[in-house]
Amino acid sequence: MAEVKDQLEIKFRLNDGSDIGPKSFPDATTVATLKETVVAQWPRADKENGPKTVKDVKLISAGRILENNKTVGDCRSPVGNFSGAVTTMHVIIHHQVTEKEKKKKKPKGDLKQNKCVCLCFGARC
């Protein structure tokens, strides 16, 4: 019975509303390990838009972005962890920009980009 108490049932909610899990993780499991699970179990149909590495994944639980070095036990909410309850962690994908991609985005030469701003100040009498 002590083993079950030291574990947390987690499901990962993806941006399209689908879920990975639920799966049980020991309290000593790190957030980095959870991210590895997400990358490994990402739906095959969406591999193109899915995370390539753990660095592309951010996990959010109880409104907080979880740090890689934290454990599942550290992330437990003091309220609402009932026996048999499933914790939902939201998955955000943020692809890392490579140096090659950064160079593509820079304008070539000394061309200035036009920026237009419109302000309307209307006064009624």
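Calculation notes
- Residues numbered from 1 in each chain as written.
- Predicted model: local features only at pLDDT ≥ 70, side-chain atom pairs only at ≥ 80, totals over all residues.
- Heavy atoms only, no water.
- pLDDT = per-residue confidence, 0-100.
- Helix = DSSP H or I, 4+ residues; strand = E, 2+ residues; numbered from the N terminus.
- Core = buried A, V, L, I, M, F, W, Y, C linked by side-chain atoms within 4.5 Å.
- Buried < 20%, exposed > 50% of the residue type's maximum accessible area, 1.4 Å probe, protein only.
- Contact = heavy atoms within 4.5 Å.
- Pairing = 2+ DSSP bridges.
- Axes fitted to C-alpha atoms, helices over the stretch in contact; angles between N-to-C directions.

All right, on to the confidence of the model for the protein chain then. Predicted confidence across the protein chain gives a mean pLDDT of 77, with 66% of residues reaching 70 or more. Ranking the elements of the protein chain by mean pLDDT puts helix 1 (residues 2-5) last with 51 and helix 2 (residues 31-40) first with 93.

Between glycine 21 and the following residue, proline 22, the backbone shows a cis peptide bond with an omega angle of 15°. Its place among the elements puts proline 22 in strand 2 (residues 19-26). If you check the backbone angles, alanine 62 has positive phi at about 55° while not being a glycine. Position of alanine 62 relative to the elements: it lies in the loop between strand 3 (57-61) and strand 4 (64-65).

Among the nonpolar cores identified, the biggest contains 18 residues, and Ile10, Phe12, Leu34, Val38, Leu59, Met89 and Val91 are the most heavily contacted of them. When contributions to this core are tallied by element, the ones reaching two or more residues are strand 1 (7-13), strand 2, helix 2, strand 3, helix 3 (72-75) and strand 5 (86-93). Ranked by residues supplied to this core, first place goes to helix 2 with four residues.

Turning our attention to the environment of glycine 50. By secondary structure assignment, the location of glycine 50 is in the loop between helix 2 and strand 3. Discounting residues that sit within four places of it in the chain, glycine 50 has contacts with Trp42 and His95.

Okay, the sheet that holds strand 4 next. In space, the five strands of this open sheet follow the order 2-1-5-3-4, with mixed pairing throughout. A single partner strand is all that each edge strand has here, and the edge strands are strand 2 and strand 4. Those strands touched by helix 2 are strand 1, strand 2, strand 3 and strand 5, and its axis lies near 115° from that of strand 3.

Right, let's talk about the side chain of threonine 37 for a bit. Note that threonine 37 resides in helix 2. Look past the residues within four positions of threonine 37 in its chain and what remains in contact with it is Lys23 and Phe25.

Next up on the list: the environment of leucine 66. One can find leucine 66 in the loop between strand 4 and helix 3. For leucine 66, a relative accessible area of 6% translates into the label buried. Measuring from C-alpha to C-alpha, the distance between leucine 66 and valine 31 comes to 6.9 Å, with 35 residues separating the pair along the chain. Not counting residues up to four positions away in its chain, the partners in contact with leucine 66 are Val31, Lys35, Leu59, Ser61, Cys75 and Met89.

For the rest of this paragraph, the subject is the pairing of strand 1. Of the two faces of strand 1, only the one carrying Leu8, Ile10 and Phe12 is buried; Gln7, Glu9, Lys11 and Arg13 on the other face are not. Pairing of strand 1 with strand 2, which is carried by six bridges, proceeds in the antiparallel orientation. Each residue of the ladder has a partner; that of glutamine 7, found in strand 2, is proline 26.

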